[in-house]
Each structure stands twice: as C-alpha cells, then as structure tokens.
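Summary of structural features
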Amino acid sequence: MKFNLEDIKHEAKIKRKKRAHFLKGYKNKKEILLDQLFTEKHNEVFEEVNCLNCANCCKNVGPLFTNKDIERVSKELKLKPGVFTETYLRMDEEGDFVLKSLPCVFLGNDNYCSIYEIRPKACKEYPHTNMKGQRKLMKLHFKNDELCPAVNEIFNRIMDKKL
C-alpha cells in the first residue's frame, strides 16, 4: 500500500467531524461491537501495510516507557536503569517517562528499530486499534489518524462499512 503522509494528514483533518459523527452511533451499542469492528479492520489493513515504509510513529510520537520497559531495555543495552533514564528519557507533564527527543534514537535510517525485540510496550501496541476499549481510545485515534497511514486506512474502511 502506497501513501503520501501530507495527503493523509490533510484527509484526516477534513474527515474528522464526519468520522466522529459516524462513531457516535456506537455510543449506545455494546463496546464489544466497536472493539470487533476496529480489530477486524486493523487485521485487514496490517495485511497490506508495511510499517518500515513509513516509521512516522517513531519519528513523531514518543512512546511512554514503563518501569518494566526501562528495566528490560537498560539491561539489554548493559546500562543501569538510572543511566538509561538520564541518557534517553525525560519525565513529561503527566509524570510519565518519554523520549528526550524525536525521532526515536533507536530508529535507524532504514526505518528499522535497533531495540525492536525489546521495544517498549507502547511501541508494541501502536497504533492501539486492535485493543479492547476502543471507545476510550478515540481521541488518540483521531490524533494518530494524521500520523499513521494504517489508522487513516482503518478509519476509511470503517466508514465504508455499512452498518
């Protein structure tokens, strides 16, 4: 699947109100229906999308690092957790550890992640479109819609689905 990131950002902004209105129809339906719809479209889209062609998330969205992430990654890099934290992370306004700078320091020029096997949980779960509790994730999805071609395509397919 080919995509132009500027076109996707523009499309997401134009379609946001229509998408939000469409999804309001799910407010009175069971959460499981929305979760199933997102998971179905997530699986379809990720059969076609190769994230290595983009890596826009790694360039523009810093993941949250949990204490478990910090322990795991610092151990693999043979650093003490405090040294890893001091070198690569900062605490954001919500008290979470995030990267000091973007793009991600672990992202290579070829869009491969040098810590892929031990990457943070937030990276593993991105873009969160196949998780339970989709209704609560909608604000995040609307933000990611402008950054991630896969999220944009998931929304397109959801909107095309006649309910």
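Above this text you will find the structure in question.
Now for a description of the structure that goes with this document.

Conventions used here
Residues numbered from 1 in each chain as written. Predicted model: local features only at pLDDT ≥ 70, side-chain atom pairs only at ≥ 80, totals over all residues. Heavy atoms only, no water. Pairing = 2+ DSSP bridges. Helix = DSSP H or I, 4+ residues; strand = E, 2+ residues; numbered from the N terminus. Phe/Tyr/Trp six-rings, centres within 6.5 Å; stacked < 30°, edge-to-face > 60°. Buried < 20%, exposed > 50% of the residue type's maximum accessible area, 1.4 Å probe, protein only.

As for the sheet that holds strand 1 (residues 64–65)
The strand order 1-3-2 describes an open sheet built from 3 strands, whose pairing is antiparallel. Among the strands making up the open sheet, the edge pair consists of strand 1 and strand 2 (89–91). Where strand 2 meets strand 3 (residues 97–99), 3 bridges bridge the pair, whose relative direction is antiparallel. Its bridge partner lying in strand 3, Arg90 is registered against Val98.

Points about the packing of aromatic side chains
Any two aromatic rings considered together are summarised by their centre-to-centre distance and by the angle between their planes. Counted under the stated rule, the structure contains 6 aromatic pairs. Between Phe84 and Phe106, the ring centres sit 6.4 Å apart and the planes meet at 15°, which makes this aromatic pair stacked. Of this pair, Phe84 sits in helix 5 (residues 81–88) while Phe106 sits in the loop between strand 3 and helix 6 (121–125), and the two are 22 residues apart along the sequence. Using a relative accessible area of 0% as the deciding quantity, one classes Phe84 as buried. What makes Phe106 buried here is its relative accessible area of 6%.

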